[in-house]
Amino acid sequence: MTVKIAPSLLSADFGRLREEVTAVEAAGADLLHLDVMDGHFVPNITFGPQLVAALRPHSRLLFDVHLMIAAPERYVADFIAAGADIVTVHVEACVHLHRVLAQIKEKGAACGVALNPATPLGLVEEVLPLVDLVLLMTVNPGFGGQRFLHFVVPKVNAAAIFLRDRNCQAAVEVDGGVDVTTAPVVAAAGATILVAGTAVFGAPDRAAAVRALREAAEGRDFSRGGERLGAATFRD
Ligand SMILES: O=C(CO)[C@H](O)[C@H](O)COP(=O)(O)O
Ligand SMILES: [Co+2]
């Protein structure tokens, strides 16, 4: 399984969103990551399903919608109707996590579960065999451009090993502070989708940025025989 690159629209120029999406698609991105924030679950507000629907006709990329909103079950159907291919909800935002994941599946999208940096993997172990994606935040959610939190790397590795040992196909997505220095670290730990906002939209040449991330992750790919990582790998 090769590592996929998912530019995060959060760091795009919001005055030129259609062109920004076209640019990263042409640059070779594999998915488009869309960060939805409600000013309640996280201290920032972004956009709703209307924006997803407005961009949908202009891109063939998989729309990877990351819901950082309280009680996401209220809006799951709207985001899927708007064109989301993958809908990811935070375990910290769901009282009935399994019910919300089932709701996403039932509406025809792939489902993901996200964990904040301080949330232990054990909280989602029961649903890991059922999800299409587990998203591990490597910054506290709410803003782009934050520093990568290295203490999350063992959790990325634990998730990859858990899934491999059970023969599960779920993707392991890492989100926050991913750049050419941290991409090889998370790829070696078992990440299969790298979200990158600043590292792609902050670069003048988006194609070069996507290529650089892919090359940085290449060869460190966990699926080529990666094993449990030693503690030294995780130090800053
Ligand atoms: O979910 C997010 C923030 O909550 C974003 O996807 C993430 O921050 C990407 O931005 P960057 O690569 O600049 O850290
Ligand atoms: Co995100």
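Looking at an unreviewed UniProt entry, one finds the protein named Ribulose-phosphate 3-epimerase, with Thermodesulfitimonas autotrophica as its source organism. If you open the UniProt record of the protein and go to Function (unreviewed entry), you find "Catalyzes the reversible epimerization of D-ribulose 5-phosphate to D-xylulose 5-phosphate." The annotation that UniProt attaches to the protein under Catalytic activity (unreviewed entry) is "D-ribulose 5-phosphate = D-xylulose 5-phosphate".

1. Looking at the environment of Val36
Tracing the backbone shows Val36 in strand E2 (residues 31-37). Taking the C-beta count within 10 Å as the criterion, Val36 has 25 such neighbours and is therefore assigned buried. Once you skip the residues sitting within four places of it in the chain, Val36 turns out to touch Thr46, Phe47, Gly48, Val65, His66, Leu67, Met68 and Ile69.

2. A closer look at the sheet that holds E2
Pairing is parallel in the open sheet, where 8 strands are placed in the order E1-E8-E7-E6-E5-E4-E3-E2. Two strands bound the open sheet, and with one partner strand each, they are strand E1 (4-7) and E2. The average undirected angle you get between the axes of adjacent strands in this sheet is 25°. In this sheet, strand E3 (residues 62-68) lies alongside E2 in parallel orientation, the contact comprising 7 bridges. Bridged to His33 within E3 is Asp64. Strands strand E4 (86-90) and strand E5 (110-115) of the sheet are contacted by helix H4 (residues 97-106), whose axis makes an angle of about 145° with E5. Those strands touched by helix H5 (residues 153-165) are strand E6 (133-137) and strand E7 (171-175), and its axis lies near 170° from that of E7.

3. Observations concerning the site of ligand 1
As a matter of local geometry, ligand 1 sits amid 22 residues, with Ser8, Pro141, Gly144, Gly197 and Thr198 nearest to it. Of all the secondary structure elements, the ones that give two or more residues to the shell around ligand 1 are E2, E3, strand E8 (193-196) and helix H7 (198-201). Here the shell around ligand 1 is built from residues that sort into 8 nonpolar, 12 polar and 2 charged.

4. Quick look at the UniProt feature "active site" (unreviewed entry) in the protein
The sites that UniProt annotates as "active site" (unreviewed entry) are Asp35 and Asp175. Spatial clustering of the annotated residues is evident: they stretch over 141 residues in sequence, but the largest pairwise C-alpha distance comes to 10.5 Å. Position of Asp35 among the secondary structure elements: in strand E2. As for its placement among the helices and strands, Asp175 is situated in strand E7. Aside from chain neighbours lying at most four places away, what touches Asp175 is His66, Leu135, Met137, Thr138 and Val195.

5. Focus on the UniProt feature "binding site: substrate" (unreviewed entry) in the protein
Under the present numbering, the feature "binding site: substrate" (unreviewed entry) in UniProt falls on Ser8, His66, Gly142, Phe143, Gly144, Gly145, Asp175, Gly176, Gly177, Gly197 and Thr198. Along the chain, Gly145 falls in the loop between E6 and H5. Of the residues examined, Gly145 has 13 C-beta atoms within 10 Å and is grouped as partly exposed. Topologically, Gly177 is positioned in the loop between E7 and helix H6 (183-189). Setting aside residues no more than four positions away along its own chain, Gly177 makes contact with Thr138, Val139, Gln146, Arg147, Phe148 and Thr182.

Criteria and thresholds
- Residues numbered from 1 in each chain as written.
- Chains lettered and ligands numbered in written order.
- Predicted model: local features only at pLDDT ≥ 70, side-chain atom pairs only at ≥ 80, totals over all residues.
- UniProt positions renumbered as here; feature names shortened; annotations may be inferred.
- Helix = DSSP H or I, 4+ residues; strand = E, 2+ residues; numbered from the N terminus.
- Buried ≥ 20, exposed ≤ 12 C-beta atoms within 10 Å, placed from the backbone.
- Contact = placed C-beta atoms within 7 Å.
- Pairing = 2+ DSSP bridges.
- Axes fitted to C-alpha atoms, helices over the stretch in contact; angles between N-to-C directions.
- Near = placed C-beta within 6 Å.
- Nonpolar A, V, L, I, M, F, W, Y, C, P; charged D, E, K, R; others polar.

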